[in-house]
Amino acid sequence: MIRILVAIMIFFGMIQAETVRVDVQNDYLNSGFNPRVISLGNTGICSAHGSEAVYYNPALLMVQTSAALLLSYNSYLYDRGLMYGFYRLPLRYRQAVFGVGFIMNTISGIEYRIGRSESPDSIKSVSQQDIIIAMARELTPFLSFGMNLHFLSNTFSGKESMMYSAGFSYREFSPIQYALVVKFMENDAYTASVGLAWDLSFLRLYSVYEVQLAGEYSVAKIKTGLGYQWVENIVLNVGLDGESVSGGISYHLEKATLQYALTVNPLGTQHQVALEL
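Anyway, here's the lowdown on the structure attached to this text. Each chain carries its own residue numbering, running from 1 in the written order of its sequence. The predicted origin of the model limits local features to residues at a pLDDT of at least 70 and limits the giving and counting of side-chain atom pairs to 80 or more, whereas totals for whole chains, interfaces and linings rest on all residues. The basis for every side-chain value is the complete set of heavy atoms in the structure, and neither hydrogens nor water enter the calculation.

Regarding the overall build of the protein chain
Part 1 of the reasoning: Helix and strand labels come from DSSP, where a helix needs a run of H or I of at least four residues and a strand needs a run of E of at least two; each type is numbered from the N terminus. The secondary structure content of the protein chain amounts to four helices and 14 strands.
Part 2 of the reasoning: To sort residues, take the accessible area from a 1.4 Å probe on protein chains only and compare it with the maximum for the residue type: under 20% means buried, over 50% means exposed, and anything in between is partly exposed. A total of 277 residues make up the protein chain; the buried ones form 44% of that total.
Part 3 of the reasoning: With an accessible surface of roughly 14400 Å², the protein chain has 61% of that area assigned to carbon and sulfur atoms. What sets the accessible areas is the Shrake-Rupley method with a 1.4 Å probe; for residues, cover comes only from the shown protein chains.

Quick word on the pairing of strand β12 (residues 244-252)
Part 1 of the reasoning: For two strands to count as paired, DSSP must find a minimum of two bridges between them. Taken together, the eight bridges between strand β11 (residues 234-241) and β12 define a ladder with antiparallel strand orientation. Paired with D241 across the strands is S244, a residue of β12.
Part 2 of the reasoning: If you look at the hairpin formed by β11 and β12, you'll find two residues sitting between the two strands, and G242 has a positive phi there, around 65°.
Part 3 of the reasoning: In this antiparallel pair of consecutive strands, β12 and strand β13 (residues 257-265), the connection spans four residues.

Notes on the pattern of salt bridges
Part 1 of the reasoning: In what follows, salt bridge is the name for a side-chain nitrogen of Lys or Arg lying within 4 Å of a carboxyl oxygen of Asp or Glu. In the structure shown here, the tally under the stated rule is four salt bridges.
Part 2 of the reasoning: Between D199 and R204 there is a salt bridge; the shortest N-O distance is 2.2 Å.
Part 3 of the reasoning: The salt bridge involving K221 is made with D241; its shortest N-O contact spans 2.5 Å. Taken together, the residues K221 in strand β10 (residues 217-231) and D241 in strand β11 connect sequence positions 20 residues apart. The same class applies to K221 as to D241, namely buried.
Part 4 of the reasoning: Because the salt bridges share partners, they merge into one network encompassing R171, D199 and R204.

What to know about the nonpolar core
Part 1 of the reasoning: We define the nonpolar core as a collection of buried residues of types Ala, Val, Leu, Ile, Met, Phe, Trp, Tyr and Cys that are connected through side-chain atoms lying within 4.5 Å of one another. Judged by nonpolar contacts, the single largest core of 22 residues is most densely connected at F33, Y55, Y56, L61, Y84, F86 and I103.
Part 2 of the reasoning: A179, V181, A197 and V208 belong to the second-largest nonpolar core, a separate cluster that totals eight residues.

Details of a nonpolar patch on the surface
Part 1 of the reasoning: Excluding any residue in a salt bridge, patches collect residues exceeding 30% relative accessible area, merging like charges within 9 Å and nonpolar Val, Leu, Ile, Met, Phe, Trp and Tyr side chains within 5 Å. Among the surface-exposed residues, L139, F168, L180, V182, F184, Y190, V194, Y209 and L213 lie close enough to one another that they form a single nonpolar patch of about 740 Å² accessible area.
Part 2 of the reasoning: Within the residue set of the nonpolar patch, elements represented by two or more residues are β7 (176-185), β8 (189-199) and β9 (203-214).
Part 3 of the reasoning: Per-element accounting of the nonpolar patch gives the leading share, three residues, to β7.
Part 4 of the reasoning: Tracing the chain through its elements places Y190 in strand β8.

Focus: the side chain of E210
Part 1 of the reasoning: With respect to the element layout, E210 can be found in strand β9.
Part 2 of the reasoning: Under the rule applied, a polar contact is a pair of N or O atoms within 3.5 Å (in protein, one hydrogen donor and one hydrogen acceptor; residues adjacent in sequence only if both atoms are side-chain atoms). Among the polar contacts made by the side chain of E210, one reaches the side chain of S193 at a distance of 3.2 Å.
Part 3 of the reasoning: One polar contact links E210 to Q212, side chain to side chain, over a distance of 2.8 Å.

Focus: the packing of aromatic side chains
Part 1 of the reasoning: Ring pairs shown here join Phe, Tyr and Trp side chains whose ring centres sit within 6.5 Å, with only the six-membered ring taken for Trp; geometry is labelled stacked below 30 degrees between planes, edge-to-face above 60, and tilted in between. Within this structure, the stated rule accounts for eight aromatic pairs.
Part 2 of the reasoning: Their ring planes at 80° and their centres at 5.4 Å tell us that F33 and Y84 sit as a pair that is edge-to-face. You can see F33 sitting in the loop between α1 (2-14) and α2 (35-39) and its partner Y84 sitting in strand β2 (residues 80-93), a full 51 residues away along the chain.
Part 3 of the reasoning: The class for F33 is buried, based on a relative accessible area of 5%.

Written as structure tokens, this is what we have:
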């Protein structure tokens, strides 16, 4: 009981910045693609410890401690389905490691109208398919660097675009790990994030400061997360990402891990599940 109270006090002590609502139209700058990471406040640049690092911070592929394969399908907002998977390739070339990922985003029941007052002439679905290729390399025994190429395409506009990411991870002889990630898209949208992960005996704390820029739109915020090792094979997580409050659980089996995350924000409630192998 004392451990739980201490964990709650530390977590809320980390929340010192004013939360800022994130515009839905730029949601791709703040997407979450792992229930564990989402339940930790979407602090993936420093909390990713599996193949999801392909998306969040490719430098963490060098220090991967979790499963090599992640698969998930989630029901999202507004009749939107989200399916994704990431894989850390079991090969090395000149001290570099590689990873790949895919993201499929489908929105169903979109009505096409000639005018606002007209009846819809058709109802269709829009899908977006993304492919990510990532590479990481150890620069020193304490510093890792990674980069990825993120190819995006959708059936609505028929256009294709790219997003580029570069990330670093640094950890010496201390319980604190530091991370830096910069992402930018071809339409002049950027994010820059710095974060840290702090290991304690029964807790792991995460904090990320992130700036998003997209045209005239910009926002800066702090994301926070806390993981609590409840028993040997169960970890409980809580997090805060802007106006999104999240929580979740990771259940470790002998050769797999089940993940679940619940997120509550002004847009609604989301449930995400995933399987790591």
